[in-house]
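In case you want the letters, here they are:
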2 protein chains.
Amino acid sequence: MFEVAEVGNRISKAEFKEKVPALRIGLLQAQQALSKSDFPVLILISGVDGAGKGDTLNLLNEWMDPRYLRAFAFGAPSDEERERPEYWRFWRSLPPKGSIGLYVGSWYSDPIAQHVREEISEAELDCRLHRVKSFERTLVDDGALIIKFWLHLSRDDQKQRLKALEQSEETAWRVTEQDRKHLKLYDRFRSIAERALRETSTGEAPWIIVEGADARYRNLTVGQHILERINKRLALAEQKPNPSVDPSPHDPIVPRANTLLGSLDLGKSLTKKHYKAELDKYQARLGRLAREAHHRKLSSLLVFEGWDAAGKGGIIRRIVPAMDARSYQVIPIAAPTDEERAHHYLWRFWRHVPRAGNTVIYDRSWYGRVLVERVEGFANHDQWMRAFAEINDFEEQLTESDILLLKFWIHIDKDEQLARFEARRQVPWKQHKITEEDYRNREQWAAYEHAVVDMVERTSTEYAPWTLVEGNDKRHARITALRTFCDRLESALAKPK
Amino acid sequence: MFEVAEVGNRISKAEFKEKVPALRIGLLQAQQALSKSDFPVLILISGVDGAGKGDTLNLLNEWMDPRYLRAFAFGAPSDEERERPEYWRFWRSLPPKGSIGLYVGSWYSDPIAQHVREEISEAELDCRLHRVKSFERTLVDDGALIIKFWLHLSRDDQKQRLKALEQSEETAWRVTEQDRKHLKLYDRFRSIAERALRETSTGEAPWIIVEGADARYRNLTVGQHILERINKRLALAEQKPNPSVDPSPHDPIVPRANTLLGSLDLGKSLTKKHYKAELDKYQARLGRLAREAHHRKLSSLLVFEGWDAAGKGGIIRRIVPAMDARSYQVIPIAAPTDEERAHHYLWRFWRHVPRAGNTVIYDRSWYGRVLVERVEGFANHDQWMRAFAEINDFEEQLTESDILLLKFWIHIDKDEQLARFEARRQVPWKQHKITEEDYRNREQWAAYEHAVVDMVERTSTEYAPWTLVEGNDKRHARITALRTFCDRLESALAKPK
């Protein structure tokens, strides 16, 4: 695979000088057009040590407008990063739509380096590469353009290059201990890189292997390829101005005779007295468990979904008093801010992943994608269909980094909802919670129910199952949620970390 | 001062039970009204250890809607926080307009505790309290409502309270080693706290001392006071719907015979050949210095202000190639995002304060407040007048935490600007930079010049002086900026850290 980049490609100084001015103007114009479009560009500069990654990165910064570029390296993670899933730092560094992120060192660096150093097995490498692919796929599906360069050097070239760098006082600092170690491991590194590239050279984000020995050839090739890819993507975007409003394929609602929701016994209830006793009991238990979880740096993430007026807020208000206010945050999901809209829809949820030992409670969540956005047509068929896999991947990452994830669907029936709407209208300080839209939404009940059943079926994973809560009786619902949280916390704490 | 809170205030269970329901409804209604208004609320719960800060915080969370509250503690700073000025963590935790931040532990905790432990002198304590006052003043001036509670206990009450906490298994964890130490230092702590409160009990953010011994009295008092203050502020906001559009006091432009700008020799220039040589020289020098700065974790922050078409972008593009793209970020200041608009105008600049060893370059900056916002009337007289002090305070904090701060005003004359506008219109890929507005702005030249002179006069501090750059000759301007950056970096690196 790398042989194609060992043929001795060179470009003369004269040719370079002749070609660069047009390239620079092209890049600046492309950046300008990009700034008005609705997709981000990620450019990865990876490759063999000494192949000129830093040089190429810096030259790109010089050629383009540095105000609409951002370069990222990713050295040792900060403690705020270490306490979250591995990809949190990548999500937080994603460029917003219309701009460019340049990556030297990326989600590829650790998996490859760790396997080279034999810290992870081949099977683990495969898992990690699988994650890489999902990540890139998720971004590309959302419109991102990912351009991945692998700068290659033959073994001899690498040796010479490092030697040359070491000999000049200006550049000796660039050669690290790790570079020297990697040189010794050239053959191993090469074959592992080859494997990684083959695995991750997908149709939507292929690798471009560039011979690194000649700086002019390398830089011109990289620059020209970037220009070509961005322009192609811009032209495509012009043809289909907004792929998100593509007509959705027909989404027929096939009535199911028996659904999970239908099998819930909404008649379940608790007497006031029993409720009081249970509430005290579980709040005290949760208090103890939450304290231990905080102490042992176990984070929890609770998701509450349910019909309008299902009582999500009331449940949340029964849970939080058992915890220390300094250790939790409740996040109500409303319309995204413009910074959030400029990113993938999951970005706003990645933002709030808690530091170790803390709890985040979502009042509505990323499931809006497959519920309201699906039913109301804000997301098209492709978007909400692929959201199931994207969400499962996100949740897998959360649970893998030892975050306890609980998902509740609070279920009530249509009559109960109407009764609650009417009741709310009678209470002066609850009236604002009820709008005409709430009544309109009721007309879509069957479509919503269908979406809920799909959601539960497709996202009830072993690591993040749904808890369906019978909600017609508020007392029963509150105790069920509290007890479930207690039980899950307790078993998570029982596991050795 | 604290004697008022040692009188044995108590509230019976019956009275508490009677009063709480109305208080809760009131608080929820106030929160709802707040969510539609344009100011944030900061509630500080401070005081003696064991006086019930955590209890009160948790109860407030229970009484109010936890979705529009956020509680903050501030334990040991993370490494991302440690590498920035002390107040970075407070700025990043400020509630957006329309919401409430609850603080147990705040900007008061460290100064008081450190002086109690004799780690800082009385003079240093005064300095720190001065900073506290500036910070609060800045927020209040922007509309924030700050409510500060000091929960007090007499020496005997504190002793008893800690003992009671220690005896129960449920609460023993709350008593820390530090609490026990503080008890021994009760008298010292009390007199220092008294001093701190006196110093910082300002008209706009007074302290409320609350007797902490009786939980019901304490919690009811705190809750009622919060309700009263928020409602009062809401009523005030209704009277003056938007203080930011108050008619500005007359701001006459008094022509000055001689100004700093007038004394610049715009005839200064460099030949192309000389420029080439100087550029190479200073870029190489900057490359060395920037590398050392990165290595030694010295951060730099460069601000570029200047007339439209003054050549700020061109200068920035000559500076960045000397640095490693992974260590700097260029931030062009355009319209704020909605998250930025929901905060104090300085919030968006605090966001970008770099981690240790990195460089941030602003293409326009916080000085917009006293330039375009002043001249165009987007900020009223009070707002831009107080901005000078706010900016000086911000910059003082940056430089105190060893960030090298450089501010450049790139000066050109009116004729040169016109020539550049016309030239830009001839270049296809620069045309977008020129709009009708740019021409219109020229009519305000005198007003802008006046604002620039004021700005330079009022914000040229010892720690952050302005560098005025003669910009009619682009070559001269670029070399001047490069040389200045080199010189400042070199002397900063020469200083022992």
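Residues numbered from 1 in each chain as written. Chains lettered and ligands numbered in written order. Predicted model: local features only at pLDDT ≥ 70, side-chain atom pairs only at ≥ 80, totals over all residues. Heavy atoms only, no water.

Peer 1: Break down the packing of aromatic side chains for me, citing the residues and quoting the values.
Peer 2: Residues and elements named next belong to chain B. Across all of its chains, the model carries 58 aromatic pairs over all chains by this definition. For the ring pair Phe 421 and Tyr 439, a centre distance of 5.2 Å and an interplane angle of 65° mean the geometry is edge-to-face. Linking Phe 421 in helix H17 (residues 414-426) with Tyr 439 in helix H18 (residues 436-441), this pair joins segments that are 18 residues apart in sequence. Geometry around Trp 88 places Arg 84 over its ring, the cationic atom sitting 4.0 Å from the centre. For Arg 369, the ring lying beneath its charged end belongs to Tyr 345, and the centroid distance is 4.1 Å. (Phe/Tyr/Trp six-rings, centres within 6.5 Å; stacked < 30°, edge-to-face > 60°. Helix = DSSP H or I, 4+ residues; strand = E, 2+ residues; numbered from the N terminus. Lys NZ or Arg CZ within 6 Å of the ring centre and 35° of its normal.)

Peer 1: Please provide a residue-by-residue account of helix H5 (residues 109-116) of chain B, values included.
Peer 2: Residue and element names in this part refer to chain B. For H5, the buried fraction is high: six of the eight residues fall into the buried class. All of the buried residues along H5 are Pro 111, Ile 112, Ala 113, Gln 114, His 115 and Val 116. The elements touched by buried residues of H5 are helix H6 (122-141), strand E4 (145-152), helix H8 (177-184) and helix H9 (186-200). Remark: Glu 118 follows H5 within two positions and exhibits a positive phi of approximately 60°. (Buried < 20%, exposed > 50% of the residue type's maximum accessible area, 1.4 Å probe, protein only. Contact = heavy atoms within 4.5 Å.)

Peer 1: Which residues make up the sheet that holds strand E3 (residues 100-104) of chain A, and what values go with them?
Peer 2: Residue and element names in this part refer to chain A. Spatially, the five strands line up as an open sheet ordered E2-E3-E1-E4-E5, and their pairing is parallel. Each edge of the open sheet is held by one strand with a lone partner, namely strand E2 (69-72) and strand E5 (207-211). Adjacent strand axes in the sheet meet at a mean angle of 20°, parallel and antiparallel pairs treated alike. Sheet topology places E2 next to E3; four bridges connect them, and they run parallel. Its bridge partner lying in E3, Arg 70 is registered against Gly 101. (Pairing = 2+ DSSP bridges. Axes fitted to C-alpha atoms, helices over the stretch in contact; angles between N-to-C directions.)

Peer 1: Describe the nonpolar core, and please don't skip the residues or the numbers.
Peer 2: As a rule of thumb, nonpolar side chains are buried together in soluble globular proteins. Among the nonpolar cores identified, the biggest contains 292 residues, and Trp 366 of chain A together with Trp 366 of chain B are the most heavily contacted of them. Contact partners of Trp 366 of chain A, with chain neighbours within four places excluded, come to Leu 301, Val 303, Tyr 345, Leu 346, Phe 349, Ile 391, Phe 394, Glu 395 and Leu 405 of chain A. (Core = buried A, V, L, I, M, F, W, Y, C linked by side-chain atoms within 4.5 Å.)

Peer 1: So what's going on with the relation of the copies chain B and chain A? Which residues, and what values?
Peer 2: When chain B is fitted to chain A, the residual RMSD is 0.1 Å, and the transformation amounts to a turn of 180° plus an axial shift of 0.0 Å. Expressed as an axis order, the relation between the two copies is that of a two-fold axis. Both copies contact each other with a shared surface, as 100% of the interface residues of chain B are interface residues in chain A too. (Least-squares fit on C-alpha atoms with pLDDT ≥ 70 in both.)

Peer 1: A description of the packing of helix H11 (residues 272-295) of chain B against helix H20 (residues 474-494) of chain B should follow, citing residues and the corresponding values.
Peer 2: Residue and element names in this part refer to chain B. Relative orientation of the contacting elements H11 and H20 amounts to 30°, with a least axis distance of 9 Å. Here H11 lies roughly parallel to H20, going by the angle between them. Of the two possible hands of crossing, H11 and H20 adopt the one that is left-handed. Taking contact as the criterion, the partners of Lys 272, Tyr 275, Glu 278, Leu 279, Tyr 282, Gln 283, Arg 285, Leu 286, Leu 289, Ala 290, Glu 292 and Ala 293 in H11 are, on H20, Arg 475, Arg 478, Ile 479, Leu 482, Arg 483, Phe 485, Cys 486, Asp 487, Leu 489, Glu 490 and Leu 493. Grouping the amino acids of the contact of H11 with H20 by side-chain chemistry returns 13 nonpolar, one polar and nine charged. (Parallel < 35°, antiparallel > 145°, perpendicular 65-115°, else oblique. Left-handed = near helix turned anticlockwise from the far one by under 90°. Nonpolar A, V, L, I, M, F, W, Y, C, P; charged D, E, K, R; others polar.)

Peer 1: Give me the side chain of Arg 233 of chain B: which residues, what numbers.
Peer 2: Residues and elements named next belong to chain B. If you trace the backbone, Arg 233 turns up in helix H10 (residues 215-239). Despite its burial, Arg 233 remains without a salt bridge, the nearest opposite charge being carried by Asp 38 at 5.9 Å. Among the polar contacts made by the side chain of Arg 233, one reaches the main-chain carbonyl oxygen of Gly 143 at a distance of 2.6 Å. Excluding residues within four positions of it along the chain, Arg 233 makes contact with Phe 39, Gly 143 and Leu 145. (Lys, Arg positive; Asp, Glu negative; His and termini not counted. Salt bridge = Lys/Arg side-chain N within 4 Å of Asp/Glu carboxyl O. Polar contact = N/O pair within 3.5 Å; in protein donor to acceptor, adjacent residues only side chain to side chain.)

Peer 1: Give me the lowdown on the confidence of the model for chain A, citing residues and values where you can.
Peer 2: Residues and elements named next belong to chain A. Looking at chain A as a whole, its pLDDT mean stands at 91, while 96% of the residues score no less than 70. Counted against residues more than four places away or in other chains, residues 245-250, with its pLDDT under 50, gives four contacts. ipTM for the predicted complex: 0.85, alongside a pTM of 0.89. (pLDDT = per-residue confidence, 0-100.)

Peer 1: Let's hear about the sheet that holds strand E3 (residues 100-104) of chain B: which residues, and what values?
Peer 2: Residue and element names in this part refer to chain B. Within the open sheet, the five strands sit side by side as E2-E3-E1-E4-E5. Their pairing is parallel. Two strands bound the open sheet, and with one partner strand each, they are strand E2 (69-72) and strand E5 (207-211). Taking the axes of each pair of neighbouring strands and ignoring which way they run, one obtains an average angle of 20° across the sheet. Strands strand E1 (41-47), E3, E4 and E5 of the sheet are contacted by H10, whose axis makes an angle of about 165° with E4.

Peer 1: Before we move on, could you go through the side chain of Asn 392 of chain A and cite the residues and values that matter?
Peer 2: Residues and elements named next belong to chain A. In this fold, Asn 392 is placed in helix H16 (residues 381-400). The buried category is assigned to Asn 392, whose relative accessible area is 15%. Discounting residues that sit within four places of it in the chain, Asn 392 has contacts with Arg 458, Thr 459, Thr 461 and Tyr 463.

Peer 1: I'd like a rundown of the packing of helix H5 (residues 109-116) of chain A against helix H9 (residues 186-200) of chain A, residues and numbers included.
Peer 2: Packed helices, taken two at a time, are described by their axes: the angle between them and the distance between them. All names here are of chain A. One can describe the packing of H5 onto H9 by two numbers: an axis separation of 10 Å at closest approach and a directional angle of 140°. By the angle between their directions, the pair H5 and H9 is classed as oblique. As H5 runs across H9, the sense of the crossing is right-handed. Every residue of H9 that contacts H5 at Ile 112, His 115 and Val 116 is listed here: Arg 188, Phe 189, Ile 192 and Ala 196. Partitioned by chemical class, the residues of the contact of H5 with H9 number five nonpolar, one polar and one charged.

Peer 1: Outline unusual backbone geometry, supporting the account with residue identities and numerical values.
Peer 2: Residues and elements named next belong to chain A. Unlike most non-glycine residues, Phe 74 shows phi in positive territory, near 80°. Here Phe 74 is to be found in the loop between E2 and helix H3 (79-82). Residue class for Phe 74 comes out partly exposed when judged on its relative accessible area of 22%. Look at Lys 297: it is not a glycine, yet its phi comes out positive at around 60°. Note on Lys 297: relative accessible area 44%, which makes it partly exposed.

Peer 1: Explain the pairing of strand E7 (residues 328-332) of chain A residue by residue, including any values.
Peer 2: Remark: a regular strand shows side chains that alternate across the two faces of the sheet. Residue and element names in this part refer to chain A. Among the five residues in E7, four count as buried, and that is most of the element. In this structure, E7 lies alongside strand E8 (residues 359-363), joined through five bridges in parallel fashion. Paired with Val 330 across the bridge in E8 is Ile 361.

Peer 1: Just give me the short version of the interface of chain B and chain A, but keep the residues and values in it.
Peer 2: Across the contact, 50 residues belong to chain B and 50 residues belong to chain A. If you look at where chain B meets chain A, you find six salt bridges. Of the charged contacts in the structure, one is a salt bridge between Arg 351 of chain B and Glu 339 of chain A, with a shortest N-O distance of 2.9 Å. Taken together, the connections running from chain B to chain A amount to 18 residue pairs in polar contact (both at pLDDT 80 or more). Mapped onto the side of chain B that touches chain A, the elements with two or more residues apiece are helix H1 (13-35), helix H2 (53-63), E2, helix H3 (79-82), H11, helix H12 (312-319), strand E7 (328-332) and helix H13 (338-341) of chain B. Sorting elements by how many residues they give to the side of chain B that touches chain A places H2 of chain B first, with five residues.

Peer 1: How would you explain the pairing of strand E9 (residues 403-411) of chain B if you had to name every residue and give the values?
Peer 2: Residue and element names in this part refer to chain B. For E9, the buried fraction is high: nine of the nine residues fall into the buried class. Because side chains alternate across E9, one face comprises the buried residues Ile 403, Leu 405, Lys 407, Trp 409 and His 411, and the other comprises Leu 404, Leu 406, Phe 408 and Ile 410, equally buried. Where strand E6 (residues 299-306) meets E9, eight bridges bridge the pair, whose relative direction is parallel. Its bridge partner lying in E9, Leu 301 is registered against Leu 405. Pairing geometry for E9 and strand E10 (residues 466-470), over five bridges, is parallel. The partner of Ile 410 across the bridge, within E10, is Val 469.

Peer 1: Any details on the pattern of salt bridges? Residues and values, ideally.
Peer 2: All names here are of chain B. Tallying each qualifying case throughout the model produces 79 salt bridges over all chains. Arg 285 serves as the salt-bridge partner of Glu 490, at 3.1 Å between the closest nitrogen and oxygen. Taken together, the residues span a long stretch of sequence, with Glu 490 in helix H20 and Arg 285 in helix H11 at a distance of 205 residues. We classify Arg 285 as buried; its relative accessible area is 15%.

Peer 1: Which residues make up the environment of Tyr 275 of chain B, and what values go with them?
Peer 2: Residue and element names in this part refer to chain B. Among the structural elements, Tyr 275 can be located in helix H11. Residues Tyr 275 and His 476, spaced 201 residues apart in sequence, show a C-alpha to C-alpha distance of 7.6 Å. Once you skip the residues sitting within four places of it in the chain, Tyr 275 turns out to touch Leu 270, Arg 318, Arg 475, Arg 478 and Ile 479.

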